[in-house]
Amino acid sequence: MTQPIDADVKFDSKVLTDVAEALEPLAEEMFKQRRGRWMAVVELGHVERTEPGPDEDKNPAVKIRVTSIEVAADEITGGRLRGVQREMYERRTSGGTLFQHEGEVA
């Protein structure tokens, strides 16, 4: 069994054309709502990884970028996405609990 890697995750700030086009219709609303929040389905892509040398006191790091995004267009869709998010969170954090079904890995 391999040893786990304590890697840092960093976001690449480059906005791809497809992502910018998906966000453009919401730009004005996002500008006006300083504390606004928007639910979205997001795909992340690997950009680069950094492995420090043996004498460096740094964690390995992986840089990711938003490669695709669709933002909920209304409260109904936003609520559905929040439900999916809640289910995913429960599954991720339920290891060894009653939420974990037999034969499944959380």
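Preceding this section is the structure that the text describes.
Residues numbered from 1 in each chain as written. Predicted model: local features only at pLDDT ≥ 70, side-chain atom pairs only at ≥ 80, totals over all residues. Heavy atoms only, no water.

1. Describing helix α3 (residues 75–93)
Relative to the 27 Å expected for 19 residues at 1.5 Å per residue, α3 spans 26 Å between its end C-alpha atoms, a close match to the ideal helical length. Here α3 has its buried residues at Gly78, Leu81 and Gly83. Buried-residue contacts for α3 involve β2 (40–50). (Helix = DSSP H or I, 4+ residues; strand = E, 2+ residues; numbered from the N terminus. Expected span 1.5 Å × (residues − 1). Buried < 20%, exposed > 50% of the residue type's maximum accessible area, 1.4 Å probe, protein only. Contact = heavy atoms within 4.5 Å.)

2. Some points on the pattern of salt bridges
Side chains carrying opposite charge are able to pair once their charged atoms draw close together. Here the structure, examined in full by the defined rule, presents three salt bridges. Across the pair Arg65 and Asp12 runs a salt bridge whose closest N-O atoms are separated by 2.6 Å. With a gap of 53 residues between them, Arg65 in strand β3 (residues 61–71) and Asp12 in the loop between β1 (8–11) and α1 (17–23) connect regions that are remote in the sequence. Accessibility assignment for this pair places Arg65 and Asp12 in one class, buried. Salt-bridge contacts for Arg49 lead to Glu51; the nearest nitrogen and oxygen are separated by 2.5 Å. We classify Arg49 as exposed; its relative accessible area is 55%. With a relative accessible area of 58%, Glu51 lands in the exposed category. (Salt bridge = Lys/Arg side-chain N within 4 Å of Asp/Glu carboxyl O.)

3. Some thoughts on the side chain of Arg65
By relative accessible area, which is 17% here, Arg65 ends up buried. With residues near it in sequence (within four places) discarded, Arg65 still touches Asp12, Lys14, Leu16, Glu43, Leu44, Gly45 and Val47.

4. Points about the layout of surface pockets
Computed from the structure, the largest pocket encloses a volume of approximately 340 Å³. What lines the largest pocket is Met39, Ala40, Val41, Val42, Leu81, Val84, Gln85, Met88, Tyr89 and Arg92. At the level of secondary structure, the elements contributing two or more residues to the lining of the largest pocket comprise β2 and α3. Per element, the largest residue contribution to the lining of the largest pocket is six residues, and it comes from α3. Residues of the lining of the largest pocket, tallied by class, amount to eight nonpolar, one polar and one charged. (1 Å grid on protein atoms, 1.4 Å probe; cavity = no way out; pocket = protein on both sides within 12 Å on 5 of 7 lines; lining within 4 Å. Points joined across faces, edges and corners; volume = space filled by probe spheres on them. Nonpolar A, V, L, I, M, F, W, Y, C, P; charged D, E, K, R; others polar.)

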